[in-house]
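As a plain string of letters, each chain reads:
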Amino acid sequence: MEVNRLDLQGMTCPVPVLETKKFLDGNPVDEIEIILDNDVAVGNVTRFLSSRGFSVTSGQEGGGKQYILKGARTGSSDTQTGVQGKKLLVFINGDTIGRGDDELGRVLMKSFLSTLKDLDVTPWRVVFVNGGVKLVAEGSECVNLLTELAGLGADILACGLCLDFFHIKEKVAVGRISNMYEIASSFLEATNVIKP
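Residues numbered from 1 in each chain as written. Predicted model: local features only at pLDDT ≥ 70, side-chain atom pairs only at ≥ 80, totals over all residues. Heavy atoms only, no water.

**Things to note about the packing of aromatic side chains**
Next, step 1: In the structure shown here, the tally under the stated rule is three aromatic pairs.
Next, step 2: Geometrically, the ring pair formed by Phe48 and Tyr181 is edge-to-face, given 5.9 Å between the ring centres and 75 degrees between the ring planes. Separated by 133 residues along the polypeptide, Phe48 in helix 2 (residues 39–51) and Tyr181 in helix 6 (residues 180–189) bring together distant segments of the chain.
Next, step 3: Pairing Phe91 with Phe187 gives two aromatic rings, centres 5.2 Å apart and planes at 65 degrees, and the pair type is edge-to-face. Here the residue Phe91 occupies a position in strand 5 (residues 88–92), and Phe187 occupies one in helix 6, the gap between them amounting to 96 residues.
Next, step 4: In this structure Phe187 comes out as partly exposed when scored by relative accessible area, which is 34%. (Phe/Tyr/Trp six-rings, centres within 6.5 Å; stacked < 30°, edge-to-face > 60°. Helix = DSSP H or I, 4+ residues; strand = E, 2+ residues; numbered from the N terminus. Buried < 20%, exposed > 50% of the residue type's maximum accessible area, 1.4 Å probe, protein only.)

**Some remarks on the packing of helix 1 (residues 15–26) against helix 2**
Next, step 1: Between helix 1 and helix 2, whose axes approach to 9 Å, the crossing angle comes to 30 degrees. It follows from the interaxial angle that helix 1 and helix 2 lie roughly parallel. Like other packed secondary-structure pairs, helix 1 and helix 2 cross with a definite hand, here right-handed. Contacts between helix 1 and helix 2 involve Pro16, Val17, Thr20, Lys21 and Leu24 from the former and Ala41, Asn44, Val45, Phe48 and Leu49 from the latter.
Next, step 2: Of the residues in the contact of helix 1 with helix 2, the class split is seven nonpolar, two polar and one charged. (Axes fitted to C-alpha atoms, helices over the stretch in contact; angles between N-to-C directions. Parallel < 35°, antiparallel > 145°, perpendicular 65-115°, else oblique. Left-handed = near helix turned anticlockwise from the far one by under 90°. Contact = heavy atoms within 4.5 Å. Nonpolar A, V, L, I, M, F, W, Y, C, P; charged D, E, K, R; others polar.)

**Some thoughts on a nonpolar patch on the surface**
Next, step 1: On the surface, Leu104, Val107 and Leu108 cluster together to form a nonpolar patch covering roughly 260 Å² of accessible area.
Next, step 2: Locating Leu104 in the fold gives a position in helix 3 (residues 102–116).
Next, step 3: The partly exposed category is assigned to Leu104, whose relative accessible area is 49%. (Patch = residues over 30% accessible without salt bridge, like charges linked within 9 Å, V, L, I, M, F, W, Y side chains within 5 Å. Areas by Shrake-Rupley, 256 points an atom, 1.4 Å probe, with all protein chains shown as cover. Salt bridge = Lys/Arg side-chain N within 4 Å of Asp/Glu carboxyl O.)

**Observations regarding the confidence of the model for the protein**
The predicted structure's coordinates, where accompanied by low pLDDT, should not be read in detail.
Next, step 1: Residues with a pLDDT of 70 or more make up 91% of the protein, whose mean pLDDT is 88.
Next, step 2: Confidence drops under pLDDT 50 across residues 78–84; counting only partners more than four residues distant or on other chains, this segment forms 11 contacts. (pLDDT = per-residue confidence, 0-100.)

**Points about the nonpolar core**
Next, step 1: Formed by 36 residues in total, the largest nonpolar core has its most connected members in Ile92, Phe112, Leu113, Val126, Phe128, Val133 and Leu146.
Next, step 2: Secondary-structure elements contributing two or more residues to this core are strand 5, helix 3, strand 6 (125–128), helix 4 (143–151), strand 7 (155–159) and helix 5 (160–165).
Next, step 3: Top contributing element to this core by residue count: strand 5, with five residues.
Next, step 4: Within the second largest apolar cluster, 18 residues are counted, among which are Leu24, Phe48, Tyr67 and Tyr181. (Core = buried A, V, L, I, M, F, W, Y, C linked by side-chain atoms within 4.5 Å.)

**Things to note about helix 4**
Next, step 1: What helix 4 keeps buried is the set Val143, Leu145, Leu146 and Leu149. For helix 4, the angular spread of the buried residues around the axis is 160 degrees, confining them to a single face. Looking at helix 4, the residues exposed on the side facing more than 90 degrees away from the buried face are Asn144 and Gly151.
Next, step 2: Following helix 4 by one or two positions, Gly153 has its phi on the positive side, about 115 degrees. (Arc of directions from axis to C-beta.)

**Here we look at the packing of helix 3 against helix 4**
Next, step 1: The interhelical angle for the contact between helix 3 and helix 4, taken along N-to-C directions, is 20 degrees, at an axis separation of 9 Å. With respect to helix 4, the element helix 3 is oriented roughly parallel. When you trace helix 3 past helix 4, the crossing you get is left-handed. Along the contact surface, helix 3 presents Lys110, Leu113, Ser114 and Leu116, while helix 4 presents Leu145, Leu146 and Leu149.
Next, step 2: A breakdown of the residues in the contact of helix 3 with helix 4 according to their chemical character gives five nonpolar, one polar and one charged.

**A word on the sheet that holds strand 5**
Strands in a sheet are paired, the pairing made by backbone hydrogen bonds, and the direction either parallel or antiparallel.
Next, step 1: With parallel pairing, the five strands of this open sheet are ordered in space as 8-7-6-5-9. If you trace the sheet from one side to the other, it starts and ends with strand 8 (176–178) and strand 9 (192–194), each paired once. Each strand axis lies, on average, 30 degrees off the axis of its neighbour in the sheet, ignoring direction.
Next, step 2: Pairing between strand 5 and strand 9: three bridges, direction parallel. Bridging across to strand 9, Leu89 finds its partner in Val193.
Next, step 3: Contacting strand 5, strand 6, strand 7, strand 8 and strand 9, helix 6 runs over the sheet at an angle of about 135 degrees to strand 6. (Pairing = 2+ DSSP bridges.)

Have a look at this one:
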């Protein structure tokens, strides 16, 4: 059987996910191998393949600089949902809520995140972009709240481009680094969206 192989080395996120999607949309295959050269792309492509019904294994070659993902279609897709089948997406694009006073805005944001864990439906995903990514980094007063939320099953995503912009990618203390494709796709999958 011919192996369907994609070499996506040298590409930064979200390009590896987009190229994988483009390939799968045009080629309904049951097995695929993808060559990558950074761990962020490995995580993002692995999650994408899983969402498309593939079981994924990975290994390293070339002295640890090259990653080989092998995907085999299982027929089932990732359908992580909350109570009553809801997929609640929380979108946070700043480290404060509202306008007027930033100190009050930070207090409101902390209160909002604390309240999320008490909702009837645990958020499916909490997405952080722009200044919101500061909330998932070391030193943030919200890290413990977000860790509790993740413990309840919420998927905490932080925009990689935004983390790079603020020079805090190495300081992520909770959740995982994501890309704009996954973030945009999350809006399509969600049944409800909350933006404080």
